[in-house]
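Residue strings, one per chain:
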Amino acid sequence: MAPRARAPDHRPRRRRQPRGARGAPHPRRRQPPRADADARMDFVETQAQATPEVAEDLAALGELFSKKLYHELTTALRTFVQSDAARQRGQLLLDLEEKFLSKVEAKLNQLQYAMILGDLVVGAVDSTCITAQEGIERLKKAVEDKRGRLGAEPSLYLEMEAALLALRGADAAALEQVKKALEEAKPTMDGLTGTTDTAVFRKYYAAASDYRKLVGPPEAFYRAALSLLSYASADDMPLNKRRILATDVALAALSGEGVYNFGEVLATPILDALNHTPNAWLGDLLRIFAAGDVDAFNDCLGKNKDEYLKQPALRAKAPFVKEKIALLAFMNLVFETPAHQRAISFEAIASRARLDLDHVEWLAMRAMALGLVKGVIDEVAQVVEVSWVQPRVLD
């Protein structure tokens, strides 16, 4: 007997679902974020064709990005935005920020990103592609939008970059804005540890010294400039900027109240920038003050009288400058005298400071009032007994 044929089953069959997914919709396969990556590469290729002068640099950026070599990409971006070829093309820099940097910045070291963005914006301002105020707004917006990811140090770096741009205007509102920014940044600066990148300190003291150069007093500028030089190598500065800073520091040291120690500035190479320039005499004068040599001071003044009088800071404080060299002559005499023999006669002081004998007591009292020395003046014996002299940094 033949087997009975099975009737066809017309019921719809259920599709087998993947193991572990029954009762749940099949998950969609995740697509790689190709669109953004393609857009970044398209930007690099388009710009390379439009600007052949930087085509090789842009191609290198694209290759590093495609290989996900983000550390190397960071270095290449920093080098590119600092290059003369890029800084002459402000719109290219702005397009780079919008269409490339903003898409990869989360993968970069955030302080390095802040430095790249700062250089990029300053380059766009210098090329007159945007105004200084527009540059400030871009930097502030970056801090406001990304502060959580940036952290304290990169945020502070960008805020100080904005402060430096604000100082280009140098109007009352800008100065007040920078003053507030410096004051608000001070607690953060005080809390930074020794592991902090020196770029943060350099940017802060660059803003502080530029601000003090404009508003004074000279001794405050001198202290800020010294702090800048302790974190920034003078050799890394453009020669013209180095010479301006050297001139400003020398003038502030000579005319600043409370500045009687020149060892710190003489220990830096900044004054070498004045060699073989019309202001070389300022470097010489600073070294003369450090030595407290009144004769050399008078000789230098005699040879450079016209240049000396052209400096408003020195011309306006001529009596103070002469008093300072006399005080330094007295201090250097004390330094050269053994500690157990510091009963110094009025005659020795008068001879060293080139003063009349009846002016010595006033000079000693002035030195004590300024906290430069401590001791007792014996009018009868015509002796100053010095028990302490302000320490100094040896050059």
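Refer to the structure above for everything that follows.
Residues numbered from 1 in each chain as written. Predicted model: local features only at pLDDT ≥ 70, side-chain atom pairs only at ≥ 80, totals over all residues. Heavy atoms only, no water.

Caption draft 1: Expanded view of the pattern of salt bridges. In the structure shown here, the tally under the stated rule is 17 salt bridges. Here Asp119 ties to Arg78 by a salt bridge, and the two come within 3.4 Å at their closest N and O atoms. Note that Asp119 is positioned in helix H6 (residues 110-126) and Arg78 in helix H3 (residues 70-82), a separation of 41 residues in sequence. Summarising the burial analysis for this pair, Asp119 and Arg78 share the class buried. Salt-bridge contacts for Arg168 lead to Asp126; the nearest nitrogen and oxygen are separated by 2.8 Å. Highlighted residues: Arg168 in the loop between helix H8 (152-166) and helix H9 (172-191) and Asp126 in helix H6, separated in sequence by 42 residues. Relative accessible area serves as the criterion here: at 44%, Arg168 is assigned to the partly exposed category. Among the charged side chains, a network of salt bridges with common partners joins Arg87, Asp126 and Arg168. (Salt bridge = Lys/Arg side-chain N within 4 Å of Asp/Glu carboxyl O. Helix = DSSP H or I, 4+ residues; strand = E, 2+ residues; numbered from the N terminus. Buried < 20%, exposed > 50% of the residue type's maximum accessible area, 1.4 Å probe, protein only.)

Caption draft 2: View of the side chain of Thr74. Considering the arrangement of structural elements, one finds Thr74 in helix H3. Those residues in contact with Thr74 that lie beyond four places of it in its chain are Leu108, Gln112 and Ile116. (Contact = heavy atoms within 4.5 Å.)

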